[in-house]
Amino acid sequence: MSEQPVDILWVLFSAVLVAIMQPGFTALEAGATRTKNSISTAIKNFSDFLIAFMIFAIVGASIMLGKSHDGWFGWSPAFFYESSLSNTTLMLFHAMFASTAVTIISGAIAERTKYSSYLVIAVIVSLFIYPIQAHWAWNAEGWLAQLGFIDFAGSTVVHSVGGWAALAAILIIGPRIGRFDDGVHSFDQSNLAFSALGVFLIWLGWIGFNGGSVLALNAVTGLVILNTLIAGCSGGLVGLVLGRLSTRYYQVNDIMNGVLSGLVAITACAHIATSSSAMIIGALGSIAYLIGKAVLIKLRIDDAIDAVPVHLFAGITGTLAVAFLVPPEQMLQQLEYQLTGIIAIGALSFGVTYLLLSTINHFFKLRVSETDEILGLNVTEHKASTSMYDLASAMNIQAKEQDFSKKILVEPQSDAYLIATYYNHVTQAFNQLSSEKEALLEETYKMAHYDLLTGLAKRNVLSDTLSRTLLRMERQSQANALLFVDLDGFKNINDQYGHDAGDIVLKTAAERILSSIRKSDLASRFGGDEFVILLENIQNDSFAAQVAEKIIEVLQEPMTLTDEISGHVSASIGLKIFDEKSNVSVDSILKDADNAMYEAKRRGKGQWVVA
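Residues numbered from 1 in each chain as written. Predicted model: local features only at pLDDT ≥ 70, side-chain atom pairs only at ≥ 80, totals over all residues. Heavy atoms only, no water.

1. Some remarks on the domain arrangement of the protein chain
Right, on to step 1. Domain assignment breaks the protein chain into domain 1 (5-379), domain 2 (387-448) and domain 3 (459-610).
Right, on to step 2. Each of domain 2 and domain 3 has a C-alpha centre, and the two are 33 Å apart. (Domains from an automatic or database assignment.)

In structure tokens:
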């Protein structure tokens, strides 16, 4: 780069601007993930900068900027740049680029990846991918640079590298729990306003990202910055308009990601684009993002913040756009060069990441446990609690202990304070009810709705609950199951040992059924020795089958009738599974399950049959 002081000062200042992108990505990704994972997402961004910068300073700069060996790999002694201000400046500038490539990955695999796993990913990309392919494209002796491949500031070298690595990691780690269960489900985002601030910081940093890549302060620098701002605005406006047309709402994510996609796309060609072409390229980047987003959803690939559509799809689009900005007679040749660079860098980035992570995942699981994922990584990996989590925990303790006499104390300035205040008002009013009224209401309700012998719900409760379940299915997608249970051998015990023994069998059966289902499920006594269990919002059909197997197993165990006598029964179960696609009613569900139960009896009893 130039040895002129003004040029060195500009590149140093640009490096600072690019560094601002790091807190920008942190804010963007933490705000776009759920509250229970926002701190985990933020610390991953923070940590990857530590790793990427250190690796580039010690080894990466030597590989990328060092003396080339046949255009494939560079090397110069460690810290070779220290003796020259211009070389040190260049190293600092490219170190910021290296950290940007890595931080793209953290958001894509957020909410289910172990912290230690992400540190490994950061090392892989920082050491084995980024400096090698950057040497190919940006070292004057690199084979892609010699070929004629053009990527001015890193649509492919930085952004697509992060996108390819993120895609490989997503495929290995898999989607978040519930993302593609019975359709496509979106999750709450903790703070989109925080994400918007992050996008602004990234956009500000992009001025240095592209403007600094001129490596001098001259007329081209001004053109590059202008094109960068135009493309970002163009991409954001396209995201705004297309989001409105497709959903009838102004989609915040599409606007923000449209801006980022436009910036990614123009990064390859900001130095040769005109203002009008920059506008078109920004728009194409935004369209590429929307297409990429749809493709990933279609393929059930879960990118938590749409990093792959933004950085990979828009990066490829911007890199290809270079061929249409050169003289017409060179377009086809340049297009070949651009495709060669995209394929070569993509193969290295995706291939190395996929190969190494697959191997590591075989011995050391990259993903957190299902329990940790449900509870959230803030708490399970970092012990970083939030006011909302503390409030939920306190409410859960009160619910378990059934003791609402104490107020829940929450920091007055916290987000949970208002909820806690109203909750305390409710519990205070509840506690003011007299114990006599509570007992009377409880007894009256229990007699009307619950079987006095077994304590299970009566048929009217089952019918009402099942009706509400059918109404709920009209508003939201969920699968449910109904188990119709009949005790085999009950009549023999009742006839041989009397009604008291029969009552013991019914009560014992009820207790064992309750121990076999979730607290959220409904168990009812339908009549005589028949029981009906409603399992709502099940994950899959196999869950219902497991419950049926468990009930059959526990009911087959001996039941103590007296000190000297034990009784033995089994269960025949009819299983009916239904969801929002099923054309059913309360009566038809019960009838189908009842018929399946009788089919189980005909097949020899002690088994379950699906209706």
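There's more to say after this.
2. As for unusual backbone geometry
Right, on to step 1. Phi at Phe79 takes a positive value of approximately 60 degrees, unusual for a residue other than glycine.
Right, on to step 2. Tracing the sequence through the fold places Phe79 in the loop between strand E2 (73-75) and helix H3 (85-108). (Helix = DSSP H or I, 4+ residues; strand = E, 2+ residues; numbered from the N terminus.)

3. Considerations on the packing of helix H8 (residues 219-247) against helix H9 (residues 252-266)
Right, on to step 1. For the pair H8 and H9, interaxial distance at closest approach is 7 Å and the crossing angle is 145 degrees. The crossing of H8 and H9 is right-handed. In this structure, H8 contributes Asn227, Thr228, Ala231, Gly232, Gly235, Gly236, Gly239, Leu240 and Gly243 to the contact, and H9 contributes Asp254, Ile255, Gly258, Val259, Gly262, Leu263 and Ile266.
Right, on to step 2. Looking at the contact of H8 with H9, its residues break down into six nonpolar, nine polar and one charged. (Axes fitted to C-alpha atoms, helices over the stretch in contact; angles between N-to-C directions. Left-handed = near helix turned anticlockwise from the far one by under 90°. Contact = heavy atoms within 4.5 Å. Nonpolar A, V, L, I, M, F, W, Y, C, P; charged D, E, K, R; others polar.)

4. With respect to the pattern of salt bridges
Right, on to step 1. One pass over the full model with this rule turns up 15 salt bridges.
Right, on to step 2. For the salt bridge of Arg518 with Asp521, the shortest nitrogen-to-oxygen distance reads 2.8 Å.
Right, on to step 3. For Arg518, a relative accessible area of 28% gives the class partly exposed.
Right, on to step 4. A relative accessible area of 9% places Asp521 in the buried class.
Right, on to step 5. For the salt bridge of Glu599 with Arg603, the shortest nitrogen-to-oxygen distance reads 3.1 Å.
Right, on to step 6. We classify Arg603 as exposed; its relative accessible area is 52%.
Right, on to step 7. The network of salt bridges with common partners includes Arg34, Glu111, Arg176, Arg179 and Asp302. (Salt bridge = Lys/Arg side-chain N within 4 Å of Asp/Glu carboxyl O. Buried < 20%, exposed > 50% of the residue type's maximum accessible area, 1.4 Å probe, protein only.)

5. Examining the sheet that holds strand E3 (residues 479-488)
Strand-to-strand pairing in sheets goes through backbone hydrogen bonds, with the strands running parallel or antiparallel.
Right, on to step 1. Taking strand neighbours across the sheet as the criterion, the five strands line up as E4-E5-E3-E8-E9 in an open arrangement whose pairing is mixed. One side of each edge strand has no neighbouring strand; the edge strands of this open sheet are strand E4 (522-527) and strand E9 (608-610). Neighbouring strand axes in the sheet, compared pairwise and without regard to direction, differ in orientation by 20 degrees on average.
Right, on to step 2. As judged from the 10 bridges shared by E3 and strand E8 (residues 570-579), these two strands associate in the antiparallel manner. Opposite Asp488, over in E8, you have Ser570 as the bridge partner.
Right, on to step 3. Strands in contact with helix H20 (residues 499-515) are E3, E4 and strand E5 (530-538); relative to E5, the strand with the most contacts, it is inclined by about 10 degrees.
Right, on to step 4. Helix-sheet contacts for helix H22 (residues 586-602) involve E3, E4, E5, E8 and E9, and the interaxial angle to E8 is about 145 degrees. (Pairing = 2+ DSSP bridges.)

6. Looking at the pairing of E3
Right, on to step 1. Summarising burial for E3: 10 of the 10 residues are buried, a large majority.
Right, on to step 2. Of the two faces of E3, the one carrying Ala479, Ala481, Leu483, Val485 and Leu487 and the one carrying Asn480, Leu482, Phe484, Asp486 and Asp488 are both buried.
Right, on to step 3. Bridging between E3 and E5 involves seven bridges; their strand directions are antiparallel. Its bridge partner lying in E5, Phe484 is registered against Val532.

7. Things to note about a negative patch on the surface
Right, on to step 1. Judged by side-chain charge, Asp181, Asp182, Asp541 and Glu580 come together as a negatively charged surface patch.
Right, on to step 2. Of note, Asp181 is situated in the loop between helix H6 (155-173) and helix H7 (192-211). (Patch = residues over 30% accessible without salt bridge, like charges linked within 9 Å, V, L, I, M, F, W, Y side chains within 5 Å. Areas by Shrake-Rupley, 256 points an atom, 1.4 Å probe, with all protein chains shown as cover. Lys, Arg positive; Asp, Glu negative; His and termini not counted. Charge placed at Lys NZ, Arg CZ, Asp CG, Glu CD.)

8. Observations concerning the packing of aromatic side chains
Right, on to step 1. By the definition in use, this model includes 17 aromatic pairs.
Right, on to step 2. Between Phe93 and Phe97, the ring centres sit 4.7 Å apart and the planes meet at 55 degrees, which makes this aromatic pair tilted. Placement of the pair is Phe93 and Phe97 together in helix H3, with a separation of four residues, close to one helical turn.
Right, on to step 3. A relative accessible area of 1% means that Phe93 is categorised as buried.
Right, on to step 4. Among the residues examined, Phe97 registers a relative accessible area of 0% and is labelled buried.
Right, on to step 5. Where Phe97 meets Phe209, the ring centres are 4.1 Å apart and the plane angle is 10 degrees; that geometry is what we call stacked. With Phe97 in helix H3 and Phe209 in helix H7, this pair connects stretches of sequence that are 112 residues apart.
Right, on to step 6. On the basis of relative accessibility, which here comes to 0%, the residue Phe209 falls in the buried class.
Right, on to step 7. An aromatic cluster is built from Phe93, Phe97, Trp138, Trp206 and Phe209, whose rings are joined through pairwise contacts.
Right, on to step 8. In this structure, Arg244 is placed above the aromatic ring of Tyr250, and the distance from its NZ or CZ to the ring centre is 4.8 Å. (Phe/Tyr/Trp six-rings, centres within 6.5 Å; stacked < 30°, edge-to-face > 60°. Lys NZ or Arg CZ within 6 Å of the ring centre and 35° of its normal.)

9. Some remarks on helix H19 (residues 490-497)
Right, on to step 1. Taken residue by residue, H19 has Phe490, Ile493 and Asn494 as its buried positions. With its buried residues spanning 95 degrees around the axis, H19 presents them on a single face. In this structure, H19 carries Lys491, Asn492, Asp495 and Gln496 as exposed residues pointing more than 90 degrees from its buried face.
Right, on to step 2. Of the surrounding elements, those touching the buried residues of H19 are E3, H20 and strand E7 (566-567).
Right, on to step 3. With its phi angle positive at about 100 degrees, Gly498 sits one or two positions after the end of H19. (Arc of directions from axis to C-beta.)

10. What about the pairing of E5?
Right, on to step 1. Summarising burial for E5: eight of the nine residues are buried, a large majority.
Right, on to step 2. In this structure, E4 lies alongside E5, joined through five bridges in antiparallel fashion. In the sheet register, Leu522 faces E5, and the bridge partner there is Leu534.
Right, on to step 3. Once E4 ends, the chain turns through two residues before running back antiparallel as E5, passing Gly528 with a positive phi of about 60 degrees.

11. Comments concerning the environment of Thr560
Right, on to step 1. Note on placement: Thr560 falls in strand E6 (residues 559-560).
Right, on to step 2. A relative accessible area of 56% places Thr560 in the exposed class.
Right, on to step 3. Separated by 52 residues in the primary sequence, Thr560 and Thr508 have C-alpha atoms spaced 9.0 Å apart.
Right, on to step 4. Filtering out sequence-adjacent residues up to four positions away, Thr560 remains in contact with Ile504, Ile565 and Ser566.

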